[in-house]
Amino acid sequence: MAIWTPSLHGRSGTRATALVEALRDDIASGLLKPGDRLPPQRQLADVVGLAPQTVMRAYAEAARRGYVRGEVGRGTFVCPARDPREPRRDATLARPDAGPIDFSQNLPLPGEAGPALAQALVDLARAGACPAYLDHQRPESAPAHREAAAGWMSGLGLAADARQVVLTQGAQQGLMATLMALLKPGDVLLTEALSYAPIQGLARHLGARVVGLAMDDEGLLPDALESACRQHRPRALYLTPTLQTPTTATMGEDRRRQLVRIARAQDLTLIEDDVFGFLPPQRPLPLAALAPERCFFVTSLSKSVAPGLRAGFVLAPPDRVPALVAAVKLASWMAPPLMMEIAARWMTDGVAAALNASQRAHAARRQAMARAALAGLDYRADPHGLHLWLHLPEPWTADAFAAQAERAGVLLRPASAFAAPGARAPSALRLCLSHEASDDRVAAGLAVVAELIGKGVVDDFVV
Ligand SMILES: Cc1ncc(COP(=O)(O)O)c(C=O)c1O
């Protein structure tokens, strides 16, 4: 057939959405038939006068909706069967469309990066470069990958020197390696009172003690930090100043500067977890930009692009890089070179930026669904965040509510899952909106949560 030329005229919404809708309509009208091959993305971009990234986003969305599928090395084909005007309940094959609705995992919408991955694998195969990615790659080598990560971080206002970037398998290994480089048995690690739970496990394994610090709506309180420094002589402070887990708080720049002043006065090392930092279009400067001499800046592509890529990066103070590299070697020798090559290409050619923008849009859509479903309830959220923090009315306790919700088929995490040792867990829950693939399931899960709260406590669950 002649090259497919979609008509975008008169369609509202973004250009990518208009393209997806044109595709849907042309399949429904029979102009495109099952098995038809769509034009390569660049060619279609030229034909319709759009940016290649826009076409890439549209193909990704069309695949997510089940209109088309990408085949490695062959192209993108129209799917057989159902009427494409019918919304597909669960477009990602690996995801259940039955069983519990999972609001417990703080991850982005799955499946988005699939077409880009297929394309990257084809490009790599054509370039004949594959053997290099099976070789050993020392974390302190791979200058192109470290350059790419430094360039990506510069989008956050960080003047990152590639020599200070250490490549890791996701932020999780970045955090583990950072703690290994810093903590000795008996040391004290400070965290927010409610914080990313695995940090407590990691610190415990290293024989360190975790002390939680009081927070307000902006996150960690400077007074609490100052008195904890006097009382405990801590080795380091771990915190997530942007889109905090679980409370969603983003710390303003004044508060960040206050914390940095205290850290300098107390000679305290900072560990800034910035995994969510690429989601908001605007955000305050990272702590690492304010105190580069004492901050380990830990991030990854897991929340903004795809968690399975396992691409993580730590920007470390120059004198701490060797200890960090040694820790990565102890744990895994290196981050997988193939995955890092894909991540580096995406961070430099605009694919990561396009996927990040698409996750941001999905997050905003899911947050809007939550606003409608939870209207009148007491919760905190950021329009660009993947999660929200829901306070329960009395007499609910968060643990009882989570147990009851699980019985009703919805998984979420109560405050107790995030509380530092000795910290009080409020009657609140974290609800992650993005990791379920289908809007229908998210809407159903939100309805269960709202209905349960409205019903009040079921007797046998009062604790
Ligand atoms: C706050 C926070 N930090 C770090 C991580 C680890 O991320 P990654 O998947 O990049 O290892 C997560 C993942 O859930 C997280 O939520």
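Let us now look at the overall build of the protein chain. What the protein chain contains, in helices and strands, is 15 helices and 17 strands. By the compact-globule yardstick of 23 Å for 463 residues, the protein chain fits well, its C-alpha radius of gyration being 23 Å. Along the three orthogonal principal directions, the C-alpha set of the protein chain runs to about 75 × 60 × 35 Å. The buried share of the protein chain, reckoned over its 463 residues, is 48%. Looking at the protein chain alone, contacts between residues at least 24 apart form 72% of all its contacts between residues at least 6 apart.

Taken together, 13 residues are adjacent to the ligand, and Gly170, Ala171, Gln172, Ser300 and Ser302 come closest. With three residues, the single largest contributor to the shell around the ligand is helix α6 (residues 170-182). Split by residue class, the shell around the ligand holds four nonpolar, eight polar and one charged.

Below, the discussion takes up the packing of helix α1 (residues 15-28) against helix α3 (residues 52-65). Their axes nearest at 8 Å, the elements α1 and α3 cross at an angle of 50 degrees. The angle between α1 and α3 places the two elements in the oblique class. Judged by the twist between their axes, the crossing of α1 over α3 is right-handed. When α1 is examined against α3, the residues Arg15, Ala16, Leu19, Val20 and Leu23 are found in contact with a partner set consisting of Thr54, Val55, Arg57, Ala58, Glu61 and Ala62. Grouping the amino acids of the contact of α1 with α3 by side-chain chemistry returns seven nonpolar, one polar and three charged.

Below, the discussion takes up unusual backbone geometry. With omega at 5 degrees, the peptide bond leading from Thr245 into Pro246 counts as cis. Examined against the element boundaries, Pro246 turns out to sit in the loop between β9 (236-239) and α9 (253-266). The linkage connecting Glu394 with the following residue, Pro395, adopts the cis geometry, with an omega of 0 degrees. Along the chain, Pro395 turns up in the loop between β14 (387-391) and α14 (398-407). With phi around 50 degrees, Asp267 is a residue other than glycine that occupies positive phi space. Along the chain, the position of Asp267 falls in the loop between α9 and β10 (269-273). Of the residues examined, Asp267 has 8 C-beta atoms within 10 Å and is grouped as exposed. The phi dihedral of Trp333 falls on the positive side, at around 65 degrees, and the residue is not glycine.

Attention now goes to helix α2 (residues 41-48). Looking at α2, one finds that the buried residues are Gln41, Leu44 and Val48. For α2, the angular spread of the buried residues around the axis is 65 degrees, confining them to a single face. On the buried face of α2, the contacting elements are α3. Just downstream of α2, Gly49 is the residue with a positive phi angle, here 75 degrees.

Right, let's talk about the pairing of strand β13 (residues 378-381) for a bit. Examined bridge by bridge, β13 and β14 share four bridges and lie antiparallel to one another. Each bridged residue has a counterpart across the sheet, and for Tyr379 the counterpart in β14 is Leu390.

Right, let's talk about the pairing of strand β1 (residues 68-71) for a bit. Only one face of β1 is buried: it carries Val68 and Gly70, and the other face, with Arg69 and Glu71, is open. Two strands pair when backbone bridges link them, and β1 and strand β2 (residues 75-78) are joined in this way by four bridges, in the antiparallel orientation. For Gly70, the partnering residue across the bridge sits in β2 and is Thr76. Hairpin remark: β1 followed by β2, antiparallel, with three residues in the connecting loop; positive phi at Gly73, about 80 degrees.

Attention shifts here to the sheet that holds β9. Taken in spatial order, the seven strands line up as β4-β12-β11-β10-β9-β5-β6 in an open sheet, and their pairing is mixed. Either end of the sheet is taken by a strand with one partner, and the two such strands are β4 (165-169) and β6 (209-213). Averaged over all pairs of adjacent strands, the angle between strand axes in this sheet comes to 20 degrees, irrespective of strand direction. Strand direction decides the pairing type here: β4 and strand β12 (residues 311-315), joined by five bridges, are antiparallel. Bridging across to β12, Leu167 finds its partner in Phe313. Contacts between helix α8 (residues 222-232) and the sheet are confined to β5 (188-192), β6 and β9, with β6 contributing the most and set at about 150 degrees to the helix.

Counting through the fold element by element, Ala423 comes out in the loop between β16 (413-414) and β17 (428-432). Of the residues examined, Ala423 has 21 C-beta atoms within 10 Å and is grouped as buried. Each C-alpha atom, one on Ala423 and one on Pro286, is 26 Å from the other, the two residues being 137 residues apart in sequence. The contact partners of Ala423, leaving out residues within four places of it in the chain, are Ala193, Leu194 and Gly212.

Along its sequence, the protein chain is organised into domain 1 (15-88), domain 2 (102-107 + 353-461) and domain 3 (138-349). Between the C-alpha centres of domain 2 and domain 3 there is a distance of 26 Å. With 25 residues of domain 2 in contact, the opposing surface of domain 3 contributes 24 residues. Elements with a minimum of two residues in the side of domain 2 that touches domain 3: α13 (351-373), β13 and β14. Sort the elements by how many residues they give to the side of domain 2 that touches domain 3 and α13 lands first, with five residues. Its residues assigned to classes, the side of domain 2 that touches domain 3 shows 14 nonpolar, seven polar and four charged.

Parameters at a glance
All residue numbers here refer to positions counted from 1 along the written sequence of the relevant chain. Restriction of local features to residues with pLDDT of at least 70 applies here, the model being predicted, together with a cutoff of 80 or more for giving and counting side-chain atom pairs; totals for whole chains, interfaces and linings are based on all residues. The way it works is that DSSP assigns letters per residue, a run of H or I at least four long becomes a helix, a run of E at least two long becomes a strand, and they are numbered from the N terminus. What the globule rule says is 2.2 Å times the number of residues to the power 0.38, and the radius of gyration is computed from C-alpha atoms. Each residue is classified by how many other C-beta atoms fall within 10 Å of its C-beta atom, where C-beta atoms are placed from the backbone; a count of 20 or more means buried, 12 or fewer means exposed, and values in between mean partly exposed. By the convention adopted here, residues make contact when the C-beta atoms placed from their backbones lie within 7 Å. Here, nearness is defined through the C-beta atom: a residue counts as near a molecule or strand if that backbone-placed atom lies within 6 Å of it. Only Asp, Glu, Lys and Arg are considered charged, only Ala, Val, Leu, Ile, Met, Phe, Trp, Tyr, Cys and Pro nonpolar, and every remaining residue, Gly among them, polar. Every angle, taken between N-to-C directions, lies between 0 and 180 degrees, and every axis is a line fitted to C-alpha atoms, over only the stretch in contact when it is a helix. Roughly parallel here means an angle under 35 degrees, roughly antiparallel means over 145, roughly perpendicular means 65 to 115, and every remaining angle is called oblique. Each crossing is labelled by how the near helix is turned from the far one, with a counterclockwise turn of less than a right angle marking it left-handed and a clockwise turn marking it right-handed. To be clear, the arc concerns the directions from the helix axis to the C-beta atoms. Strand pairing is assigned whenever DSSP identifies at least 2 bridges connecting the two strands. Domain start and end points were adopted from an automatic or database domain assignment.

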